[in-house]
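Working through the structure, step by step
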Amino acid sequence: MVKFMNIDKFFQSKTFKTILLGIGGLIALLLVFKTGMMVGFQKANFFCRWSDNYHQNFGGPRGGFPGGLGDKDFMEANGAVGQIIKVATSSLVIKGRGDVEKVILVNDDTIINRLKETIAIDALRVDDTVVVIGEPNNDGQIEAKLIRVMPEPSIGMKVDGMPKRFLR
Amino acid sequence: MVLRRKIIGFSFVLAVSALGLIPAAKMAYSGFVGSGFVQLFSLAFSDTSIVMSYWRDFVLSLLESLPITGLMAAGIALFFLLGSLKFLSKNIKGLSYSKQLLING
């Protein structure tokens, strides 16, 4: 009974009102951001560049994909998480969400970290899971600023909350 | 009578939002996991100084991978759940008190 009274008081309190207002505000904020993202996407055109340059980067259809790739249109332009499928002298190809390949360019300023040490690009291996932050360029590639090699997952386990099916 | 109808309405909203919160929370969770948000966010702890110097790209990559639809669904369900709880906790006692008055009167 005492507990019920406390809960009742809590629901009528200013704190609860603030929480409700906070959630409402967050929803409004998310709605605005969602709209901004959609409009920003139209302008930013990263996907178009990626699609237009697909043939050059990956050997896919010339002139990109007619009609786009459905919900894969909304691909991240400033970051990537996925598994390395190819390592070259100054670039990587990674397979991320929805099995979309992304070309990651590595230059002299790019920092590549594995655990506590900084490594060179040739120390990266196919199947390594990496997290990349960088900047998109006009060819639909990401110029990497930081590449973090994630620890290897145990068999059947998740990688930092990422299910294995995502990685394969 | 009006209060009774309102209470029935809010009880319905409470039930729907409580049921809706489960898939919405699941959607938000799988969005966080599948989009790579968790991995990107972990950079803030593992590579703090580098992330600070490239904070703009880091923030943009986090925002891009934020599972907006799942978060919105969970937020809306939570909002209606808490709102209806607030109404019900305030008015159910009032309804039982007025019933008591009718019985006594």
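Residues numbered from 1 in each chain as written. Chains lettered and ligands numbered in written order. Predicted model: local features only at pLDDT ≥ 70, side-chain atom pairs only at ≥ 80, totals over all residues.

**Section: the overall build of chain A**
Defined as follows: Numbering of helices and strands runs from the N terminus, with a helix taken as a DSSP run of H or I at least four residues long and a strand as a DSSP run of E at least two residues long. Partly exposed residues are those whose C-beta has more than 12 but fewer than 20 other C-beta atoms within 10 Å; with 20 or more the residue is buried, with 12 or fewer it is exposed, and the C-beta atoms are placed from the backbone.
From N to C terminus, chain A includes five helices and seven strands. By residue count, 22% of the 168 residues in chain A fall in the buried class.

**Let's talk about the overall build of chain B**
Definition in use: Here contacts are defined at the residue level, using C-beta atoms placed from the backbone and a cut-off of 7 Å between them.
Along the backbone of chain B there are five helices and zero strands. N-terminal to C-terminal, the α/β element order of chain B is α-α-α-α-α. Split into buried and exposed, the 105 residues of chain B put 28% on the buried side. Considering only intrachain contacts with a sequence separation of at least 6, the fraction spanning at least 24 residues in chain B is 86%.

**Here's the deal with the interface of chain B and chain A**
What counts is decided by this rule: Side-chain classes follow a simple rule in which Ala, Val, Leu, Ile, Met, Phe, Trp, Tyr, Cys and Pro form the nonpolar group, Asp, Glu, Lys and Arg form the charged group, and the remainder, Gly included, forms the polar group.
Across the boundary between the two partners, chain B contributes 32 residues, which contact 34 residues of chain A. Of all elements in the fold, only helix H1 (2-35), helix H2 (37-46), helix H4 (55-65) and helix H5 (68-104) of chain B reach the threshold of two or more residues within the side of chain B that touches chain A. With 13 residues, H5 of chain B is the largest single contributor of residues to the side of chain B that touches chain A. Counted by class, the side of chain B that touches chain A contains 16 nonpolar, eleven polar and five charged residues.

**Quick word on the confidence of the model for chain A**
Threshold: The predictor reports its confidence for every residue as pLDDT, a score running from 0 up to 100.
On average, residues of chain A score 78 in pLDDT, and 68% of them are at 70 or above. Averaged over each element, pLDDT in chain A is lowest for helix H5 (residues 164-167) of chain A (47) and highest for strand E7 (residues 142-149) of chain A (94).

**A few points about the nonpolar core**
Let me state the cut-off plainly: Take the buried Ala, Val, Leu, Ile, Met, Phe, Trp, Tyr and Cys residues, join any whose C-beta atoms are within 7 Å, and the set you get is a nonpolar core.
Counting residues in hydrophobic clusters, the biggest one holds 32 residues, and the most contacted among them are Ile-104, Val-132 and Ala-144 of chain A together with Leu-43 of chain B. Of all the elements in the fold, those that place two or more residues in this core are strand E1 (79-87), strand E2 (91-95), strand E3 (101-105), strand E6 (129-136) and E7 of chain A together with H2, H4 and H5 of chain B. Per element, the largest residue contribution to this core is seven residues, and it comes from H5 of chain B. When sequence neighbours within four positions are dropped, the list of residues in contact with Val-132 of chain A reads Gly-79, Ala-80, Ile-104, Ile-142, Ala-144 and Ile-147 of chain A.

**A closer look at the confidence of the model for chain B**
The pLDDT averaged across chain B works out to 87; a share of 89% of its residues lies at or above 70. Across the interfaces of the predicted complex, the ipTM metric reaches 0.71, alongside a pTM of 0.68.

**Focus on H1 of chain B**
Residue and element names in this part refer to chain B. Spelled out, the test is: A helix is expected to span 1.5 Å multiplied by its residue count minus one.
Taking 1.5 Å per residue as the helical rise, H1 with its 34 residues ought to reach 50 Å, and the 47 Å between its terminal C-alpha atoms agrees with that figure. Three or more residues of H1 are buried, namely Ser-17, Ala-24, Gly-34 and Ser-35. Positioned one or two residues after H1, Gly-36 has a phi angle of 85°, which is positive.

**Considerations on the pairing of E7 of chain A**
All names here are of chain A. Our working rule: In this scheme, strands are said to pair when DSSP sees at least two bridges between them.
For E7, a buried count of six out of eight residues is recorded, marking the element as mostly surrounded by other parts of the structure. Inspection of the sheet shows E3 paired to E7 by two bridges, in the parallel sense. Bridge assignment links Ile-104 to a residue of E7, and that residue is Ile-142. Where strand E4 (residues 111-114) meets E7, four bridges bridge the pair, whose relative direction is parallel. Across the sheet, residue Arg-114 finds its bridge partner in E7, namely Val-149. Where E6 lies against E7, seven bridges are found, and the strand directions are antiparallel. Within the sheet, the bridge partner assigned to Val-130 lies in E7 and is Val-149. A loop of five residues connects E6 with E7, the two strands running antiparallel in sequence, and Gly-140 in this loop sits at a positive phi of about 75°.

**Some thoughts on the pairing of E1 of chain A**
Residues and elements named next belong to chain A. Relative to E6, E1 runs antiparallel, the two being bridged by five bridges. When the bridges of E6 are listed, Gly-79 appears paired with Ile-133. With four bridges connecting them, E1 and E2 associate as antiparallel partners. Counterpart to Ile-84 in the pairing with E2 is Ile-94. Connecting the antiparallel pair E1 and E2 is a turn made up of three residues.

**Let's talk about H2 of chain B**
Turning to H2 of chain B, its buried residues number three or more, namely Phe-37, Gln-39, Leu-40 and Leu-43 of chain B. Taken together, the buried residues of H2 of chain B touch E1, E6 and E7 of chain A together with H1, helix H3 (48-53) and H4 of chain B.

**Looking at the packing of H2 of chain B against H4 of chain B**
Residue and element names in this part refer to chain B. The test is simple: Only the stretch in contact is used when a helix axis is fitted, and all axes are lines through C-alpha atoms; the angle between N-to-C directions ranges over 0 to 180 degrees. The cut-offs work like this: below 35 degrees is roughly parallel, past 145 is roughly antiparallel, 65 to 115 is roughly perpendicular, and the gaps in between are oblique. Two helices cross in a left-handed way if the nearer one is turned anticlockwise from the farther one by less than a right angle. They cross in a right-handed way if the turn is clockwise.
In contact at an axis separation of 9 Å, H2 and H4 are set at 155° when each is read in the N-to-C sense. With respect to their mutual orientation, H2 and H4 come out roughly antiparallel. When the axes of H2 and H4 are compared, the crossing they make is left-handed. Touching Phe-37, Leu-40, Phe-41 and Leu-43 of H2 are Phe-58, Ser-61, Leu-62 and Ser-65, all from H4. When grouped by side-chain class, the residues that make up the contact of H2 with H4 number six nonpolar, two polar and no charged.

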